[in-house]
Amino acid sequence: MINAIIFDFGDVFINLDKKATFEGLKKIGLSEWNDDLNQLNILFEKGEISKENFLSGIQKHVPKATTEEILEAWNAILLDFPLYRLEFLQMLSQKYRLFLLSNTDAIHIDTFEQKNGVSFYSDFYQCFEKVYFSFEMGMRKPDAEIFNHVLNKHDLQAKRTLFVDDKKENTDAALSLGMNVWNLQVGQEDVVDLFEKI
């Protein structure tokens, strides 16, 4: 029945990468992931602080590291993510229409394209019919409004669309529209399981 998949990589991304992020930042001196870092991350997600201020905030917890080292440690985790492995997305894009909702990818794009060329990200985004950044949609619009926009703009039937997320509010909003939902938790096993079952 599924003919389109909408991924919300905002919270999925943050939850999936938090453990890996912590491991990466530990290597440059971070002792713990605490409430201050959580709040910093939320402010960046909401667009209330710049990337520079975000990195400077993390630097307070790893004072011996430069912002460049912090960004490199943060970015390094991406290549280990099943969600970001192109073979999965290329396979899915051959069978389904894919849409991406995101508000966290922007921090990674410049560094990866500068260091590795554009192939990784250009190929990644080519898998999706449309990428919606939160800044484009308007920050913190009700989730149902954003989902409705995607469904209506692309003439998608909710019951034939799979929404992938891990946050209760987003899941409830998608269910209220009659969408199918895959509620990811925080383990990479869930990601692999998702791709095996679709």
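Residues numbered from 1 in each chain as written. Predicted model: local features only at pLDDT ≥ 70, side-chain atom pairs only at ≥ 80, totals over all residues. Heavy atoms only, no water.

Draft legend 1. Spatial organisation of the overall build of the protein. Per the secondary structure count, the protein includes eleven helices and five strands. In the protein, which comprises 198 residues, the proportion classed as buried is 47%. For the protein, the accessible area works out to roughly 10,000 Å², and carbon and sulfur atoms hold 49% of it. (Helix = DSSP H or I, 4+ residues; strand = E, 2+ residues; numbered from the N terminus. Buried < 20%, exposed > 50% of the residue type's maximum accessible area, 1.4 Å probe, protein only. Areas by Shrake-Rupley, 256 points an atom, 1.4 Å probe, with all protein chains shown as cover.)

Draft legend 2. Focus on the pattern of salt bridges. One pass over the full model with this rule turns up one salt bridge. Arg97 is the salt-bridge partner of Glu129, the closest N and O atoms lying 2.8 Å from each other. Of this pair, Glu129 sits in the loop between helix H7 (119-126) and strand E3 (130-133) while Arg97 sits in strand E2 (residues 97-102); the two residues are 32 residues apart in sequence, bridging distant segments of the chain. By relative accessible area, which is 41% here, Glu129 ends up partly exposed. The class of Arg97 is partly exposed, set by a relative accessible area of 31%. (Salt bridge = Lys/Arg side-chain N within 4 Å of Asp/Glu carboxyl O.)

Draft legend 3. View of unusual backbone geometry. One non-glycine residue with positive phi stands out, namely Asp155, at about 55°. Among the structural elements, Asp155 can be located in the loop between helix H9 (143-153) and strand E4 (161-165).

Draft legend 4. Broad picture of the packing of H9 against helix H10 (residues 168-176). Where H9 meets H10, the axes come as close as 8 Å, and the angle between the chain directions of the two elements is 50°. As far as their axial angle goes, H10 and H9 are oblique. Handedness of the crossing formed by H9 with H10: right-handed. Together, Asp143, Ala144 and Phe147 of H9 and Glu169, Asn170, Ala173 and Ala174 of H10 make up the contact between the two elements. Of the residues that constitute the contact of H9 with H10, the class distribution is four nonpolar, one polar and two charged. (Axes fitted to C-alpha atoms, helices over the stretch in contact; angles between N-to-C directions. Parallel < 35°, antiparallel > 145°, perpendicular 65-115°, else oblique. Left-handed = near helix turned anticlockwise from the far one by under 90°. Contact = heavy atoms within 4.5 Å. Nonpolar A, V, L, I, M, F, W, Y, C, P; charged D, E, K, R; others polar.)

Draft legend 5. Quick peek at the packing of aromatic side chains. Inspection of every chain in the model, using the stated rule, returns two aromatic pairs. Ring centres 6.1 Å apart and planes at 85° place the aromatic pair Phe7 and Phe128 in the edge-to-face group. With a gap of 121 residues between them, Phe7 in strand E1 (residues 4-8) and Phe128 in the loop between H7 and E3 connect regions that are remote in the sequence. Take Phe128: its relative accessible area is 7%, and that puts it in the buried class. Note on Phe147 and Phe163: the rings are 4.5 Å apart at their centroids and 50° apart in plane angle, and the pair reads as tilted. Of this pair, Phe147 sits in helix H9 while Phe163 sits in strand E4, and the two are 16 residues apart along the sequence. (Phe/Tyr/Trp six-rings, centres within 6.5 Å; stacked < 30°, edge-to-face > 60°.)

Draft legend 6. Inspection of the pairing of E1 at higher detail. The element E1 is largely enclosed, with a buried count of five among its five residues. Because side chains alternate across E1, one face comprises the buried residues Ala4, Ile6 and Asp8, and the other comprises Ile5 and Phe7, equally buried. Alignment of E1 against E2, held across five bridges, turns out to be parallel. Bridge assignment links Ala4 to a residue of E2, and that residue is Arg97. When E1 meets E4, the two strands line up parallel, connected through four bridges. (Pairing = 2+ DSSP bridges.)

Draft legend 7. View of the confidence of the model for the protein. On average, residues of the protein carry a pLDDT of 75, and 64% of them reach 70 or more. Here helix H8 (residues 134-137) is the element of the protein with the lowest mean pLDDT, 58, and helix H3 (residues 51-59) is the one with the highest, 90. (pLDDT = per-residue confidence, 0-100.)

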